[in-house]
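Topology and contacts: notes
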Amino acid sequence: MHRKPSMSASLSPTPFNQRRRLLVIQFLSVFALVALLLSRPAWREDRPFHEFIEMTGLALVLMCVFGRLWSILYVGNRKNAVLVTSGPYSITRNPLYLFSTIGATGIGLMFGSVVVATTMGLLSYLVFRATAAKEAVYLRNKFANQYRSYAARTPLFWPDFRLYQDIGETSFSPDALKKTFLDALYFLALFPVIEGLEYIQTVGYLPTVLWLY
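Parameters and conventions
Residues numbered from 1 in each chain as written. Predicted model: local features only at pLDDT ≥ 70, side-chain atom pairs only at ≥ 80, totals over all residues. Heavy atoms only, no water. Patch = residues over 30% accessible without salt bridge, like charges linked within 9 Å, V, L, I, M, F, W, Y side chains within 5 Å. Areas by Shrake-Rupley, 256 points an atom, 1.4 Å probe, with all protein chains shown as cover. Salt bridge = Lys/Arg side-chain N within 4 Å of Asp/Glu carboxyl O. Helix = DSSP H or I, 4+ residues; strand = E, 2+ residues; numbered from the N terminus. Buried < 20%, exposed > 50% of the residue type's maximum accessible area, 1.4 Å probe, protein only. Axes fitted to C-alpha atoms, helices over the stretch in contact; angles between N-to-C directions. Parallel < 35°, antiparallel > 145°, perpendicular 65-115°, else oblique. Left-handed = near helix turned anticlockwise from the far one by under 90°. Nonpolar A, V, L, I, M, F, W, Y, C, P; charged D, E, K, R; others polar.

The next subject is a nonpolar patch on the surface. Residues L62, F66, F181, L182, L185 and L188 make up a contiguous nonpolar surface patch of about 530 Å² in total accessible area. Among the elements that make up the nonpolar patch, the one with the highest residue count is helix α7 (residues 174-202) (four residues). Mapping L185 onto the fold places it in helix α7. Using a relative accessible area of 36% as the deciding quantity, one classes L185 as partly exposed.

Structure, rendered in structure tokens:
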């Protein structure tokens, strides 16, 4: 005799698919590479302003890498399983999404275009903020008043550094740290790829369809 699942079991919250955030970044990175193949920055490659934009982009990507590693030291493989409220999670409820958005913007700047950077940053923000809002529903159902108290004092996305607090020490997952580090290398690997494609365009092997500022 089969028993029907209880109403509470059928309504129990399920965590949001975490792989979507990496898929978003990969899609936006492909977008940047396609933009590079078909267009070139309006500023000449030998101008100081072009170099400044590229170096700013690299700095943002490095911020993304170290920020994601910092966040994983606190949450490990426990995202959506436990409620972490210290370290980067004390200034924003979604530091991983925040730093990924910074990284996506940095990739656009490494291309040398403010337009591409703004587009990638805005798309990342919209997708990650929507994802964070859906996750908040799950966490609110799972942790009830504990999460409501946390959400009342901590921004969903943009950080408030005045709220920073730490617990002194925390345990971390070596596997989660390794996986996040390998994911972060994806951001850094784009820099030599972009530079290589830019050189191929400069010598005339790739046509320029559009000039972007």
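Don't stop here, the text continues.
Another aspect to go through is the packing of helix α3 (residues 48-75) against helix α4 (residues 95-110). It is at 7 Å that the axes of α3 and α4 come closest, and there the two elements cross at 160°. One way to sum up the angle between α3 and α4 is to call them roughly antiparallel. Note that α3 runs across α4; the crossing there is left-handed. Taken together, the residues of the contact of α3 with α4 break down into 15 nonpolar, eight polar and two charged.

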